[in-house]
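# Geometric and topological summary
One-letter residues, chain by chain:
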Amino acid sequence: MHTIRRAIEVLFVLTLAALLLGGIVFVAGQAIALAAGQGHWLTLLNDTIKAPMCIAASICAIAGFLLSYKRHENQEQPQEAGAR
């Protein structure tokens, strides 16, 4: 069970990194395209980067949701002190 959680953690980190890097490229590319007045660059960015970013965001969200569940561990209940 621990290996499944570890795999989900790795998946979460990788998709989060891909999403953040894709977001930086997407926004920087849009800013450059707008400054250069190149409308077809905006369309190119939208067609090539947007879909993989949405997929990465979805996978990252599902992995994060799954990581929010913690396995119940057997915790010892603290014993009350007896009367003295």
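The following refers to the structure shown. (Residues numbered from 1 in each chain as written. Predicted model: local features only at pLDDT ≥ 70, side-chain atom pairs only at ≥ 80, totals over all residues. Heavy atoms only, no water.)

## Brief notes about the packing of helix α1 (residues 2-36) against helix α3 (residues 50-67)
Note the cut-off: To define axes, lines are fitted to C-alpha atoms, for helices over the stretch in contact only, and angles between the resulting N-to-C directions are given on a 0 to 180 degree scale. Here a strand is any run of E in DSSP of at least two residues, a helix any run of H or I of at least four, and the numbering for each starts at the N terminus. Left-handed describes a crossing whose near helix is turned anticlockwise from the far helix by less than a right angle; the clockwise case is right-handed. Two residues form a contact once any of their heavy atoms are found within 4.5 Å. Under this grouping Gly is polar, as are all residues other than the nonpolar Ala, Val, Leu, Ile, Met, Phe, Trp, Tyr, Cys and Pro and the charged Asp, Glu, Lys and Arg.
The geometry of α1 relative to α3 is characterised by a closest axis approach of 8 Å and an angle of 145° between their N-to-C directions. Judged by the twist between their axes, the crossing of α1 over α3 is left-handed. Taking contact as the criterion, the partners of Arg-5, Ile-8, Glu-9, Leu-11, Phe-12, Thr-15, Leu-16, Leu-19, Gly-22, Gly-23 and Phe-26 in α1 are, on α3, Lys-50, Met-53, Ala-56, Ala-57, Ile-59, Cys-60, Ala-63, Gly-64, Leu-66 and Leu-67. Here the residues of the contact of α1 with α3 are counted per class, giving 14 nonpolar, four polar and three charged.

## Observations concerning the pattern of salt bridges
Any two side chains of opposite charge can pair, so long as their charged atoms come close to each other. In plain terms, the rule: When a carboxyl oxygen of Asp or Glu is within 4 Å of a side-chain nitrogen of Lys or Arg, the pair counts as a salt bridge. Here's how the labels work: a residue is buried when its accessible area is under 20% of the maximum for its type, exposed when over 50%, partly exposed in between, all with a 1.4 Å probe on protein chains only.
Going through the model one piece at a time under the given rule, you end up with two salt bridges. Across the pair Glu-9 and Arg-5 runs a salt bridge, and its minimum N-O distance is 3.7 Å. A residue pair is termed a helical-turn pair when its members lie 3 or 4 positions apart in one helix, as Glu-9 and Arg-5 do in helix α1 at four residues. The exposure class assigned to Arg-5 is partly exposed, which follows from its relative accessible area of 31%.

## Quick notes on a nonpolar patch on the surface
The test is simple: Note that patches include only residues with greater than 30% relative accessible area and no salt bridge, and the join distances are 9 Å for like charges and 5 Å for nonpolar side chains (Val, Leu, Ile, Met, Phe, Trp, Tyr). Areas reported as accessible are Shrake-Rupley estimates using a 1.4 Å probe. Residue values count occlusion only from the protein chains shown.
On the surface, Ile-62, Phe-65, Leu-66 and Tyr-69 cluster together into a nonpolar patch covering about 440 Å² of accessible area. Position of Leu-66 relative to the elements: it lies in helix α3.

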